[in-house]
Amino acid sequence: MTKLTVISGGLRQPSSTRLLADRITEAVEAELAKFNITASSSTIELRPLGRAIIDAMLIGFANAELESAFETVANADGLIAVTPAFNVSYSGLFKSFFDVLPQETLSDMPVLIAATGGTERHSLVLEHALRPMFSYLHAIVAPTGVYAATNDFGAQDGSVGLTERISKAANDFARLLHACGTRTRRDVFTEDLAEMERLLAAAPRPGEDGTVED
Amino acid sequence: MSGMQFGIFTVGDVTPDPLTGVAPSEAERIRAMVAIAKKAEEVGLDVFATGEHHNPPFVPSSPTTLLGYIAAQTERLILSTSTTLITTNDPVKIAEDFSMLQHLAAGRVDLMLGRGNTGPVYPWFGQDIRAAIPLTVEHYGLLRRLWREKVVDWSGQYRTPLQGFTLAPQPLDGVPPFVWHGSIRTPEVAEIAAYYGDGFFANHIFWPPSHTRRMVRLYRERFEHYGHGSGDQAIVGLGGHVFMRPNSQDAVAEFRPYFDNAPVYGHGPSLEDFAAQTPLTVGSPQQVIDRTLGFRDYAGDYQRQFFLVDHAGLPLKTVLDQLDLLGEQVIPVLRKEFQVGRPKHVPDAPTHESLVRAKTADAKPSGIQPTVQEQQS
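Rules and cut-offs
Residues numbered from 1 in each chain as written. Chains lettered and ligands numbered in written order. Predicted model: local features only at pLDDT ≥ 70, side-chain atom pairs only at ≥ 80, totals over all residues. Helix = DSSP H or I, 4+ residues; strand = E, 2+ residues; numbered from the N terminus. Buried ≥ 20, exposed ≤ 12 C-beta atoms within 10 Å, placed from the backbone. Contact = placed C-beta atoms within 7 Å. Rg over C-alpha atoms; globule rule 2.2 N^0.38 Å. pLDDT = per-residue confidence, 0-100. Core = buried A, V, L, I, M, F, W, Y, C linked by C-beta atoms within 7 Å. Expected span 1.5 Å × (residues − 1). Pairing = 2+ DSSP bridges. Axes fitted to C-alpha atoms, helices over the stretch in contact; angles between N-to-C directions. Parallel < 35°, antiparallel > 145°, perpendicular 65-115°, else oblique. Left-handed = near helix turned anticlockwise from the far one by under 90°. Nonpolar A, V, L, I, M, F, W, Y, C, P; charged D, E, K, R; others polar.

Moving on, we get to the overall build of chain A. Along chain A, the regular secondary structure elements total seven helices and seven strands. Helices and strands appear in chain A in the N-to-C order β-α-β-α-α-β-β-α-β-α-β-β-α-α. Considering only C-alpha atoms, chain A reaches an extent of 90 × 40 × 30 Å along its principal axes. In chain A, which comprises 214 residues, the share counted as buried stands at 38%. Look at the contacts in chain A between residues 6 or more apart in sequence, and 77% of them connect residues 24 or more apart.

We now examine the overall build of chain B. Assigned secondary structure in chain B consists of 13 helices and 13 strands. On C-alpha atoms alone, chain B measures out to a radius of gyration of 20 Å, which is about the 21 Å that the 2.2 N^0.38 rule sets for 377 residues. Structurally, chain B occupies a C-alpha span of about 60 × 45 × 40 Å along its principal axes. For chain B, the proportion of its 377 residues judged to be buried stands at 50%.

Quick look at unusual backbone geometry now. Leaving glycine aside, a negative phi is the common case for residues, and trans is the common case for peptide bonds. With an omega dihedral of -5°, the bond running from Gln13(A) to Pro14(A) counts as a cis peptide bond. In this structure, Pro14(A) sits in the loop between strand 1 (2-8) and helix 1 (16-33). Backbone torsion omega between Pro56(B) and Pro57(B) reads 5°, so that peptide bond is classified as cis. As for its position among the elements, Pro57(B) is in the loop between strand 2 (47-50) and helix 2 (63-71). Positive phi is not limited to glycine here, since Asn36(A) has a value of about 60°. Within the element layout of this structure, Asn36(A) appears in the loop between helix 1 and strand 2 (39-45).

All names here are of chain B. On average, residues of chain B score 94 in pLDDT, and 95% of them reach the 70 mark or higher. Contacts for the low-pLDDT stretch residues 369-377, under 50 throughout, to residues beyond four places or in other chains number 13 contacts. This complex was scored by the predictor with a pTM of 0.92 and an ipTM of 0.87.

Let us now look at the nonpolar core. Counting residues in each nonpolar core, the largest one holds 156 residues, and the members touching the most others are Ile24(A), Ile80(A), Val111(A), Ala114(A), Leu79(B) and Phe200(B). Setting aside chain neighbours within four positions, we find Ala114(A) in contact with Leu20(A), Ile24(A), Ile80(A), Val82(A), Gly145(A), Val146(A) and Tyr147(A).

The first and last C-alpha atoms of helix 5 (residues 132-148) of chain B sit 24 Å apart over 17 residues, in line with the 24 Å expected at 1.5 Å per residue. A large share of helix 5 of chain B lies buried, amounting to 14 of its 17 residues.

Residues and elements named next belong to chain B. Side-chain alternation along strand 3 (residues 78-81) places Ile-78 and Ser-80 on one buried face and Leu-79 and Thr-81 on a second face that is also buried. Bridge count between strand 2 and strand 3: four bridges; the pairing is parallel. Across the sheet, the residue bridging to Thr-50 is Thr-81, located in strand 3.

A separate point is the environment of Val309(B). All names here are of chain B. For Val-309, the location among the structural elements is in the loop between strand 13 (304-307) and helix 11 (316-339). Remark: the alpha-carbon pair of Val-309 and Pro-24, spanning 285 residues in sequence, is separated by 16 Å. Beyond its immediate chain neighbours, meaning those up to four positions away, Val-309 contacts Ile-8, Val-242, Val-319, Gln-322 and Leu-323.

Turning our attention to the packing of helix 1 (residues 26-42) of chain B against helix 11 of chain B. Residue and element names in this part refer to chain B. Look at helix 1 against helix 11: their axes get within 10 Å of each other, and the N-to-C directions meet at 15°. Relative to helix 11, the element helix 1 is oriented roughly parallel. The two elements helix 1 and helix 11 cross, and the hand of that crossing is right-handed. Where helix 1 abuts helix 11, its residues Ala-32, Ala-35, Ile-36, Lys-39 and Ala-40 lie against Leu-316, Val-319, Leu-320 and Leu-323. Of the residues that constitute the contact of helix 1 with helix 11, the class distribution is eight nonpolar, no polar and one charged.

Our focus in this paragraph is the sheet that holds strand 3 of chain B. All names here are of chain B. The strand order across the open sheet formed by nine strands is 3-2-1-13-10-9-8-5-4, and the pairing between neighbours is parallel. Every other strand in the sheet has two partners, leaving strand 3 and strand 4 (84-85) as the edge strands with one partner each. Where strand 10 (residues 236-238) meets strand 13, two bridges bridge the pair, whose relative direction is parallel. Bridge pairing in strand 13 links Leu-238 to Gln-305.

All names here are of chain A. Burial runs high along strand 5 (residues 110-117): eight of the eight residues are buried. A two-sided burial pattern is seen for strand 5, the buried positions comprising Pro-110, Leu-112, Ala-114 and Thr-116 on one face and Val-111, Ile-113, Ala-115 and Gly-117 on the other. Where strand 3 (residues 78-86) lies against strand 5, six bridges are found, and the strand directions are parallel. Opposite Ala-81, over in strand 5, you have Ile-113 as the bridge partner. Pairing of strand 5 with strand 6 (residues 140-141) involves two bridges; the strand directions are parallel. Counterpart to Pro-110 in the pairing with strand 6 is Ile-140.

Moving on: the environment of Arg29(B). Residues and elements named next belong to chain B. Tracing the backbone shows Arg-29 in helix 1. Residue classification places Arg-29 among the buried positions, given that 21 C-beta atoms sit within 10 Å. Separated by 14 residues in the primary sequence, Arg-29 and Thr-15 have C-alpha atoms spaced 9.4 Å apart. Beyond its immediate chain neighbours, meaning those up to four positions away, Arg-29 contacts Val-14, Pro-24 and Val-59.

Turning our eyes to something else, we now look at the packing of helix 2 of chain B against helix 3 (residues 91-104) of chain B. Residues and elements named next belong to chain B. Relative orientation of the contacting elements helix 2 and helix 3 amounts to 5°, with a least axis distance of 10 Å. Relative to helix 3, the element helix 2 is oriented roughly parallel. In this structure, helix 2 uses Thr-64, Leu-67, Gly-68 and Ala-71 to contact helix 3, whose residues at the interface are Asp-97, Phe-98, Leu-101 and Leu-104. Classifying every residue of the contact of helix 2 with helix 3 gives five nonpolar, two polar and one charged.

Written out as structure tokens, the structure reads:
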């Protein structure tokens, strides 16, 4: 069983970002089935978490609802992250979610990046914004992302093209997930503790120099 | 004083009162901190602790100067810190300052060590925040030796070496001040406290209790692991964050503008959400009593309870009112109730007198300071 977590940064209802996220998720599940891998997916919409995300940024901790979203991400074997393109980048809300996500949550996690936008002109947002951010977060970013412009949902030619692009990205991502297997979640708390234990063991203990306490 | 200690800890912030827009001057804030400490003794609290900061809008850059001045005007109050920066202070100066303060205050002194998380303070004092953890380990290792060995030869990575250094004055009665290690959610701090059998103070406030539960559990487990006693004999302190009026609706109405504009959490969640998610209690003295007694459910029987009462621009008079309510209505009940069901083998909060007694009774006081043999067995 492969656990997929899907992040949708769409703001409106219905949302083309969510629509793209759903289509990619279905395609990835279908591709995984070819490896005899069953997949379960959990989708996190960022809009209802908007206030909690900003609160977490201001006060340093997440409320229960956001904490639960963090857990869903942390426990995934792979992440599908979809944002609308705003001002030549990901949306501020999408970025903010990853800004408050605990460090190393995405470490070694396969990630499929995708974005929606008004026109095809913004498609490089995948390469100049999403990919570097997820690389920085130590994720394993799938080589093929998906960008969908408004036209992709309308014109017949475009819609065929989008389906093909989704299939290609899903196939690449499924092979990546298959190769990576079940993900072991990093435990920074325990890692820090082990490092501290090592440091303390190396520290000179009081009285060891033969000097006398009086 | 037996059982638990109750006190207040102050950040020492200079914050405008949101109702007037006027901030106290640094002089007014420093004098207010002294007045608050004296009031704490007057109403029967046990401890006053000051933060240490090296940048505006905070005033307490020199805690032992402040505490020495307060020591001269009090009789009973224990003077402490929250926290003393073990990373950016020279451990030799910490040893000297607190040794001196011990003598002046006749032993009414302990301290809480912390790393400090203000980036620029590290380079201002010639250190690097990225080395905060190894710096803490090295500095504290040296501090312990300075307080326990007559002549110290030492070399390390982060400070110039010492050859033939003898601390003056020596700790009062040959007993160093008790050391607490303060943390919000850093496991390394619980580990160092457990390793040495020192006290562990969970800041507790501004964060969900789940962090505190996890950190205190870790500290207790590691305390036992290092052979200082059973986990429930470890020395635990907790922060608390309260605003009270006899009528709880009055407390909420009066505190809300201070909450909404507070530097740490202002303009974030509502007072109600924050109070539900963190130990903040805004209400009647009885509500504070009930909430505080509940801390024991996840921290176990513990030794020290601090409250934050003077921050976010609250006027001095209001803070003094809070201390009256704490002293008259809250602390006496907490003292009594926390003793109910408290096992006999759970130690009282350490004091200079108890440390001297332990030293006299046994050259190797158990539960306070491990011997090398105990650690290696």
